[in-house]
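Breakdown of the fold
Take a look at the letters that make up each chain.
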Amino acid sequence: MKRATPALAAVLSQLDAAQLRRHRTTVERRATPGSRVVRLAGGRELTDFSSNDYLGLAGHPALKAAMSECAARAGAGSGASHLVSGHGQEHAQLEEELAAFTGRERALLFSTGYMANLAVMTVLAGGGERVLLDRLSHASLIDGARLSGAAFRRYRHADAQAAADLAAADPGHTCLIATDGVFSMDGDVAPLAQLAHTARSHGAWLVVDDAHGLGVLGATGRGALEVFGLDAEAVPVLVGTLGKAFGSFGAFVAGSASLIELLIQKARTYIYTTALPQPVAAATRAALKVAQAEPWRRERVLALTARFRAAAAAAGVPLSASTTPIQPIVLGDAAAALKAQHALDEAGLWVVAIRPPTVPQGAARLRVTLSAAHTEDQVDELVRHLARACAGAVP
Ligand SMILES: *Cc1c(COP(=O)(O)O)cnc(C)c1O
């Protein structure tokens with residue numbers, strides 16, 4: 001794009017014309033515990049069905065207290081990268097707790113999941129090698145694959161056989177298979193057992209980014225891997241994020257001691273960036289404790305998800321196959337999804353339309369997310385308004 005203001009304005013008008021321009025909504029106050037009502041700048045209040053705060057921990061008093069206490073003690077900023085002088089005691093302890101939680105030898109904290117995925121992909125894959133990715137993998141896995149210099153192929157969504165066929169068609173080349181554990185825009189769970197089998201039989205790494213599964217799925221909240229009973233040998237590289245179910249911020253990679261040590265030595269998104277603030281790590285440590293001490297949060301968000309699905313199905317709302325707290329309602333074109341978003345907004349419900357390129361063309365949708373902090377009444381109210389907003393919008 002040449003440097004000229006009219007050229008920028010033309011790109012923006014094209015986005016407007018295609019109903020693909022994004023807008024930010026400014027929040028003044030997030031939900032207080034036990035409610036999902038957020039107050040926007042200007043004073044409007046909406047019930048939030050768009051955040052990834054599945055366990056309702058983002059506003060939990062224990063997290064807030066841990067963050068304040070740590071800030072008073074350790075300061076707001078880390079001051080440097082981890083390898084210079086920014087690595088703090090809260091980081092070190094959180095890494096040990098994450099390793100224990102995930103049953104891995106070690107864990108390494110990153111500032112964001114985006115950076116964790118770039119790290120894993122660029123360190124484990126390189127030029128001359130090949131990477132296989134699910135077609136609906138998170139953008140950060142795709143960008144990581146691009147940055148790695150490896151050739152990459154995307155297999156049909158959630159189709160483990162397609163991945164196995166690609167690996168078998170060119171034996172000896174596939175060095176890594178990467179997938180979301182729970183797909184961020186669809187809510188379905190990847191066929192991890194078969195992918196683990198394929199990866200192992202080709203000597204390839206399996207990277208599972210379980211941003212939306214950890215804390216929510218599995219008998220003890222260990223995520224999608226726990227659902228399938230997969231251990232560290234089956235899934236040697238586990239990426240988790242801390243800004244979703246754990247209500248805080250940051251991310252980690254968990255794996256063998258040598259994998260983590262190599263990431264520390266080689267991962268540019270680890271080395272060349274400031275360590276995340278210790279108070280953030282302290283809040284995450286509190287979140288890990290609450291999540292494990294209060295399994296009712298996990299049970300509740302899944303029970304509310306089941307309630308939502310039953311009521312929505314009865315009301316004729318077009319559901320997808322997801323049984324996780326991510327419940328997409330695919331409406332087709334971007335205009336239809338936006339129209340439904342606006343209708344819900346008028347009813348005081350915040351459900352965001354997700355449009356291309358975040359989702360494929362023709363698959364624009366409302367992305368409903370449930371939280372343990374919703375009430376039954378809020379869920380029922382959402383279904384009533386969704387039924388009205390979707391009538392006529394369904395392709
Ligand atoms: C949110 C998300 C990320 C990015 O994590 P951040 O910590 O928000 O950068 C990565 N992968 C998946 C599947 C996600 O949903």
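Note: the structure precedes this text.
Residues numbered from 1 in each chain as written. Predicted model: local features only at pLDDT ≥ 70, side-chain atom pairs only at ≥ 80, totals over all residues. Heavy atoms only, no water.

1. Considerations on the sheet that holds strand β3 (residues 45-48)
Spatially, 4 strands are ordered β1-β2-β3-β12 in an open sheet, and the strand pairing comes out mixed. Looking along the sheet, the strands with just one partner apiece sit at the ends: β1 (27-29) and β12 (349-350). Judged from the 2 bridges that link them, β1 and strand β2 (residues 37-40) form a sheet pairing that is antiparallel. Across the sheet, the residue bridging to R29 is R39, located in β2. (Pairing = 2+ DSSP bridges. Helix = DSSP H or I, 4+ residues; strand = E, 2+ residues; numbered from the N terminus.)

2. Describing the packing of aromatic side chains
One pass over the full model with this rule turns up 2 aromatic pairs. Residues F101 and F246 carry aromatic rings whose centres are separated by 6.0 Å and whose planes lie at 85 degrees to one another, so their mutual orientation is edge-to-face. With F101 in helix α4 (residues 89-102) and F246 in the loop between β9 (237-241) and β10 (251-255), the pair connects residues that are 145 residues apart, well separated along the chain. Seen in terms of ring centroids, F110 and Y270 are 5.4 Å apart; in terms of plane orientation they differ by 65 degrees. Their pairing is edge-to-face. With F110 in strand β4 (residues 106-110) and Y270 in helix α11 (residues 268-271), this residue pair connects regions lying 160 residues apart in the sequence. With a relative accessible area of 2%, F110 lands in the buried category. (Phe/Tyr/Trp six-rings, centres within 6.5 Å; stacked < 30°, edge-to-face > 60°. Buried < 20%, exposed > 50% of the residue type's maximum accessible area, 1.4 Å probe, protein only.)

3. Some thoughts on unusual backbone geometry
Of note, the bond from P356 into P357 is cis; its omega dihedral lies within 30 degrees of zero at 5 degrees. For Q19, which is not glycine, the phi torsion reads 60 degrees and is therefore positive. Along the polypeptide, Q19 turns up in the loop between α1 (5-17) and β1. Positioned with a positive phi, A158 is a non-glycine residue whose angle comes to about 60 degrees. By the element assignment, A158 lies in the loop between β6 (151-155) and α7 (160-169). What makes A158 partly exposed here is its relative accessible area of 28%.

4. A word on the site of the ligand
Lining the immediate surroundings of the ligand are 14 residues, of which G113, Y114, D209, H212 and K244 lie closest. At 3.1 Å from an oxygen atom of the ligand is found a main-chain nitrogen or oxygen belonging to Y114. The contact in question runs from an oxygen atom of the ligand to an N or O atom on the side chain of H212, over 2.5 Å. Considered on its own, the ligand offers 380 Å² of accessible surface; in the complex 82% of this is hidden by protein. Tallying contributions element by element places helix α5 (residues 113-124) first for the shell around the ligand, with 3 residues. (Near = heavy atom within 4 Å. Polar contact = N/O pair within 3.5 Å; in protein donor to acceptor, adjacent residues only side chain to side chain. Areas by Shrake-Rupley, 256 points an atom, 1.4 Å probe, with all protein chains shown as cover.)

5. What about the pairing of β2?
Going residue by residue along β2, you find V38 and L40 tucked away on one face and V37 and R39 left uncovered on the opposite face. Here β2 runs beside β3; their pairing, made up of 3 bridges, is antiparallel. Its bridge partner being in β3, V38 is matched across the sheet by L46. Hairpin connection between β2 and β3: a loop of 4 residues separates the two successive antiparallel strands, and G42 in this loop has a positive phi of roughly 100 degrees.

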